[in-house]
Amino acid sequence: MNNAISIAYFSMEIGLESAIPTYSGGLGVLAGDTLRAAADAGIAMAGITLLSRKGYFRQHLDKEGWQSEEPVNWPVNDYLLPMDAQASVELEDRQVAVRAWRYDIRGSSGHIVPVYLLDTDVQDNSDYDRTLTDQLYGGDDYYRLCQEAILGIGGIRILRSLGHTDIERYHMNEGHSSLLVFELMAELTQQLGEARTTTEHIDQVRRKCVFTTHTPVAAGHDRFPVSLAYRVLKQCNPFKDCAEEVCCGNELNLTHLALAASYYINGVAKKHRETSRKMFEGYQINSITNGVHAYTWASDAMRELFDRKIPDWREDNLSLRYAISIADDDIWQAHQQAKRRLIEYVNKTCNAGMDQSIMTLGFARRATLYKRTTLIFTDVDHLRTIAHHCGPLQIIFAGKAHPKDSQGKALIHEIFRIKNIPNNDIHIVYLPDYDMETGRLMTAGVDLWLNTPLPPMEASGTSGMKAAINGVPSLSIMDGWWIEGCIEGVTGWAISNSEQQTKDSAPATNHEANIFYSKLENIIIPMYYHNRDAYIEIMKNTIAINGSFFNTERMISQYVTKAYFR
Ligand SMILES: *Cc1c(COP(=O)(O)O)cnc(C)c1O
């Protein structure tokens with residue numbers, strides 16, 4: 001018998017573990033960390049996502065840094081339990097059968113949060129429909145809308161088929177799953193014995209829905225031409241009955257559907273709340289700042305140190321504040337152990353020849369324009385001169401570009417071009433196939449974490465939080481979480497651009513690159529090599545001040561009190 005579920009958490013991607021490629025980046029990792037924290041806290045929650053049988057993709061980089069993609073074929077049976085549940089979703093004139101697999105997330109005291117992964121690869125479906133749950137963010141608009149109907153509508157039906165009929169809240173992690181609103185409306189219409197769905201039904205399902213938006217630009221939201229929506233959702237009565245109200249102009253915008261149908265809406269950092277309020281006028285938008293699952297992202301060495309010095313830290317992340325009183329040498333040794341593992345890994349994987357004693361910088365994120373991967377190389381000669389005079393540097397990069405993002409691919413190629421110019425003072429490596437495992441190695445093992453997005457595009461960002469748990473300070477643009485997490489010279493350093501309106505312009509980028517160079521040259525590299533005590537003090541602050549706060553234990557408790565049950 002299934003345990004009762006009171007919150008169903010829908011996400012197009014969920015990062016369960018490194019070997020299960022059902023995530024592409026921050027959104028999925030956050031979803032996984034959220035459910036891991038819910039399991040620790042004993043919350044009656046379940047996750048719903050797609051199986052992504054072919055994963056996102058495996059990244060291959062050639063000698064010049066050009067990316068190609070391979071599908072991942074992962075052994076579904078080894079990781080997941082097939083469920084008896086059956087459902088079907090009407091797409092155009094077809095009935096597409098959906099089944100589900102289960103993955104159990106076990107919390108620190110044994111509570112289980114199940115994750116249901118939806119699968120259309122069943123015998124009765126056409127060859128095309130069998131591929132609908134193969135590829136994360138693959139295919140065209142048609143494929144994508146079909147996927148989203150499977151996720152939203154199929155997800156609710158699978159939950160019902162599993163016996164979950166008393167769910168109190170439906171949490172949409174980004175708008176991809178918002179077609180679930182139509183299914184809730186259809187259920188309601190049927191319960192009430194009414195013939196047509198009306199907008200009053202939206203008012204009634206609204207009490208059950210929570211929506212978290214993650215995308216600070218209008219163009220990033222999921223939209224479909226109305227004609228395509230009519231074609232795919234041809235048998236979906238709530239859509240047809242309410243199309244005029246839920247469609248904006250010629251589009252079905254899944255974000256707007258989620259906004260219209262949720263009683264609690266939030267952005268993922270305070271600044272992101274402001275950006276979202278401007279983007280979605282007329283909605284009350286709150287904020288709950290993201291976090292990371294502390295235990296998952298702490299290196300083995302840091303886990304051991306915390307276990308010894310702060311025994312409750314795993315169940316009580318707030319107690320990481322006591323990191324402030326851990327001996328400098330203990331912190332340094334634990335960090336060295338994490339750094340050694342990273343250096344060994346890059347040396348083995350990329351034949352990099354990196355050196356444990358050299359200050360090492362890390363930058364890992366999706367290769368896409370707004371992340372500005374190449375900002376730190378705005379003036380390569382200047383950076384080399386700094387390293388020559390202040391002390392040598394190693395820089396480790398990682399990150400995938402979406403297969404269709406040719407500009408993102410060009411960024412990786414550009415890093416390779418710079419990397420391949422021989423130089424004694426700066427040693428660069430680009431680690432292929434960024435995933436949760438390499439992310440964990442990198443955020444724990446480097447000495448300084450970098451982030452240089454174009455504001456206000458970084459809704460939150462979470463990799464710097466993983467670094468903080470491991471005592472690794474950040475040097476980052478003031479955007480997303482870092483506006484809340486940066487105390488200058490205490491938890492890290494800001495690249496702030498207050499003098500000018502930040503635009504995607506060369507002068508703005510030059511200005512920011514100069515701040516980056518100047519802080520490295522005048523403060524950070526000298527401190528690292530010549531005032532180690534001061535550097536370790538900052539490392540401890542990052543754990544005590546930021547690790548204790550930017551975690552999913554704090555985050556999930558805010559969702560419970562502010563969003564789910566207020
Ligand atoms: C944490 C993580 C991300 C998100 O990092 P950002 O700082 O938000 O860009 C993306 N991919 C992987 C594999 C991660 O572990």
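Quick caveat, the model's predicted, so the values are computed rather than measured. (Residues numbered from 1 in each chain as written. Predicted model: local features only at pLDDT ≥ 70, side-chain atom pairs only at ≥ 80, totals over all residues. Heavy atoms only, no water.)

**Q** Sorry, what's going on with the overall build of the chain here?
**A** Per the secondary structure count, the chain includes 21 helices and 20 strands. Its C-alpha atoms give the chain a radius of gyration of 24 Å, near enough to 24 Å, the size a compact globule of 566 residues would have. Per-residue burial for the chain yields a buried fraction of 61% across its 566 residues. A fraction of 72% describes how many contacts in the chain between residues 6 or more apart in sequence connect residues 24 or more apart. (Helix = DSSP H or I, 4+ residues; strand = E, 2+ residues; numbered from the N terminus. Rg over C-alpha atoms; globule rule 2.2 N^0.38 Å. Buried < 20%, exposed > 50% of the residue type's maximum accessible area, 1.4 Å probe, protein only. Contact = heavy atoms within 4.5 Å.)

**Q** Is there a simple way to think about the site of the ligand in this case?
**A** Residues in close proximity to the ligand total 13 residues, the closest being Lys-371, Gly-461, Thr-462, Ser-463 and Lys-466. Residue Lys-371 places a side-chain N or O atom 3.1 Å away from an oxygen atom belonging to the ligand. Looking at the shell around the ligand, the elements that each hand over two or more residues are helix H1 (26–41) and helix H17 (463–469). When grouped by side-chain class, the residues that make up the shell around the ligand number four nonpolar, five polar and four charged. Viewed by domain, the shell around the ligand spans two of them, domain 1 (7–291 + 555–564) and domain 2 (295–550), each represented by three or more residues. (Near = heavy atom within 4 Å. Polar contact = N/O pair within 3.5 Å; in protein donor to acceptor, adjacent residues only side chain to side chain. Nonpolar A, V, L, I, M, F, W, Y, C, P; charged D, E, K, R; others polar. Domains from an automatic or database assignment.)

**Q** Whenever I open this one, the domain arrangement of the chain confuses me. Can you help?
**A** Interface size, as often reported, equals the accessible area lost upon joining of the parts. According to the domain assignment, the chain contains domain 1 (7–291 + 555–564) and domain 2 (295–550). A C-alpha centroid distance of 32 Å is found between domain 1 and domain 2. Facing the 35 residues of domain 1 at the interface are 39 residues of domain 2. Between Arg-58 and Asp-433 there is a salt bridge, and its shortest N-O distance comes to 3.8 Å. Taken together, domain 1 and domain 2 are joined by 16 residue pairs in polar contact (both at pLDDT 80 or more). (Salt bridge = Lys/Arg side-chain N within 4 Å of Asp/Glu carboxyl O.)

**Q** Is there a simple way to think about the sheet that holds strand S6 (residues 94–106) in this case?
**A** Backbone hydrogen bonds are what pair the strands of a sheet, in a parallel or an antiparallel way. One open sheet accounts for nine strands, arranged S5-S6-S7-S2-S1-S8-S9-S13-S14; its pairing is mixed. For this open sheet the edge positions go to strand S5 (81–91) and strand S14 (286–287), each flanked by a neighbour on one side alone. Helix H4 (residues 141–161) contacts strand S1 (7–11), strand S2 (45–50), S5, S6, strand S7 (112–119) and strand S8 (169–173) of the sheet and is inclined by roughly 125° relative to S5. (Pairing = 2+ DSSP bridges. Axes fitted to C-alpha atoms, helices over the stretch in contact; angles between N-to-C directions.)

**Q** So what exactly am I meant to see when it comes to the side chain of Lys-409 here?
**A** Locating Lys-409 in the fold gives a position in helix H15 (residues 406–419). Its relative accessible area of 14% is what places Lys-409 among the buried residues. Once you skip the residues sitting within four places of it in the chain, Lys-409 turns out to touch Gly-65, Trp-66, Gln-67, Glu-69, Ala-401, His-402 and Pro-403.

**Q** Where do I start with the sheet that holds strand S11 (residues 247–248) in this structure?
**A** Strand order in the open sheet formed by three strands is S10-S12-S11, with antiparallel pairing between adjacent strands. Of all strands in the sheet, those with a lone pairing partner are strand S10 (223–225) and S11, marking the two edges. Two elements, S10 and strand S12 (residues 251–253), share three bridges in a ladder whose sense is antiparallel. If you follow Pro-225 over to S12, its bridge partner there is Glu-251.

**Q** Explain the nonpolar core to me, please; I cannot follow it from the model alone.
**A** If you look at the biggest cluster of nonpolar residues, it comprises 71 residues, and the most contacted ones within it are Phe-377, Leu-448 and Leu-520. The biggest single contributor to this core is helix H19 (residues 506–530), with nine residues. Among the domains, domain 1 (7–291 + 555–564) and domain 2 (295–550) are the pair contributing at least three residues each to this core. Dropping the residues within four chain positions of it, Leu-520 is found in contact with Leu-361, Leu-383, Leu-393, Leu-448, Leu-475, Ile-525 and Pro-526. Core analysis: the next-biggest nonpolar cluster, separate from the first, contains 70 residues, Ile-156, Phe-182, Leu-184 and Leu-257 among them. (Core = buried A, V, L, I, M, F, W, Y, C linked by side-chain atoms within 4.5 Å.)

**Q** Which parts of the structure should I look at to understand the side chain of Ser-299?
**A** If you trace the backbone, Ser-299 turns up in the loop between helix H11 (294–297) and helix H12 (300–309). Under the relative-accessibility criterion, Ser-299 is labelled buried at 7%. A polar contact is formed between the side chain of Ser-299 and the backbone nitrogen of Met-302, at a distance of 3.1 Å. Once residues within four sequence positions are removed from consideration, Ser-299 is found in contact with Ala-338, Arg-440, Ala-444 and Asn-470.

**Q** Looking at this structure, I do not really get the environment of Trp-313. What am I missing?
**A** Residue position: Trp-313 is located in the loop between H12 and helix H13 (328–350). With 256 residues separating them along the chain, Trp-313 and Phe-57 place their C-alpha atoms 35 Å apart. Excluding anything up to four places from it in sequence, Trp-313 contacts Ala-294, Tyr-295, Ala-298, Arg-303, Phe-306, Asp-307, Ser-319 and Leu-320.

**Q** I keep staring at the pairing of strand S4 (residues 67–70) and nothing clicks. Help me out?
**A** Bridge count between strand S3 (residues 58–61) and S4: four bridges; the pairing is antiparallel. Residue pairing for S4: His-60 is matched across the bridge by Ser-68. Counting the residues that bridge the hairpin from S3 to S4 gives five residues, and of these Gly-65 lies at a positive phi of roughly 85°.

**Q** Looking at this structure, I do not really get the packing of helix H14 (residues 380–390) against H19. What am I missing?
**A** A packed helix pair is summarised by two numbers, namely the angle formed by the two axes and the spacing between the axes. The geometry of H14 relative to H19 is characterised by a closest axis approach of 10 Å and an angle of 25° between their N-to-C directions. By the angle between their directions, the pair H14 and H19 is classed as roughly parallel. In the crossing of H14 with H19, the sense of the turn from one axis to the other is right-handed. On H19, the residues that touch Val-380, His-382, Leu-383, Ile-386 and Cys-390 of H14 are Phe-516, Tyr-517, Leu-520, Glu-521, Ile-525, Tyr-529 and His-530. Residue composition of the contact of H14 with H19, by class: nine nonpolar, two polar and one charged. (Parallel < 35°, antiparallel > 145°, perpendicular 65-115°, else oblique. Left-handed = near helix turned anticlockwise from the far one by under 90°.)

**Q** What's the story with the environment of Glu-194 in this structure? I'm lost.
**A** Tracing the backbone through its elements, the reader meets Glu-194 in the loop between helix H5 (180–191) and helix H6 (199–206). Non-local contacts of Glu-194, meaning those with residues more than four positions away in its chain, are made with Thr-189 and His-201. Within the structure, the side chain of Glu-194 is placed 2.8 Å from the side chain of His-201, a separation counted as a polar contact.

**Q** What am I meant to see in the packing of aromatic side chains here?
**A** Aromatic ring pairs are described here by two measures, namely the spacing of the ring centres and the angle between the planes. Applying the stated criterion across every chain, the model contains 22 aromatic pairs. Ring centres of Tyr-128 and Tyr-143 lie 6.4 Å apart, and the angle between their planes is 80°; this geometry places the pair in the edge-to-face category. Taken together, the positions of Tyr-128 in helix H3 (residues 127–130) and Tyr-143 in helix H4 put the pair 15 residues apart, joining distant regions of the chain. Accessibility expressed as a relative area gives 35% for Tyr-128, which makes it partly exposed. For Tyr-143, a relative accessible area of 5% puts it in the buried group. Members of the aromatic cluster, each reached through a chain of ring pairs, are Trp-332, Trp-493, Tyr-528, Tyr-529 and Tyr-535. In this arrangement the basic side chain of Arg-303 is found over the ring face of Tyr-295, its NZ or CZ atom lying 3.9 Å from the centre. (Phe/Tyr/Trp six-rings, centres within 6.5 Å; stacked < 30°, edge-to-face > 60°. Lys NZ or Arg CZ within 6 Å of the ring centre and 35° of its normal.)

**Q** Looking at this structure, I do not really get the environment of Gly-107. What am I missing?
**A** Turning to its location among the elements, Gly-107 is positioned in the loop between S6 and S7. Accessibility expressed as a relative area gives 7% for Gly-107, which makes it buried. Setting aside residues up to four positions removed in sequence, Gly-107 forms contacts with Ala-39 and Asp-40.

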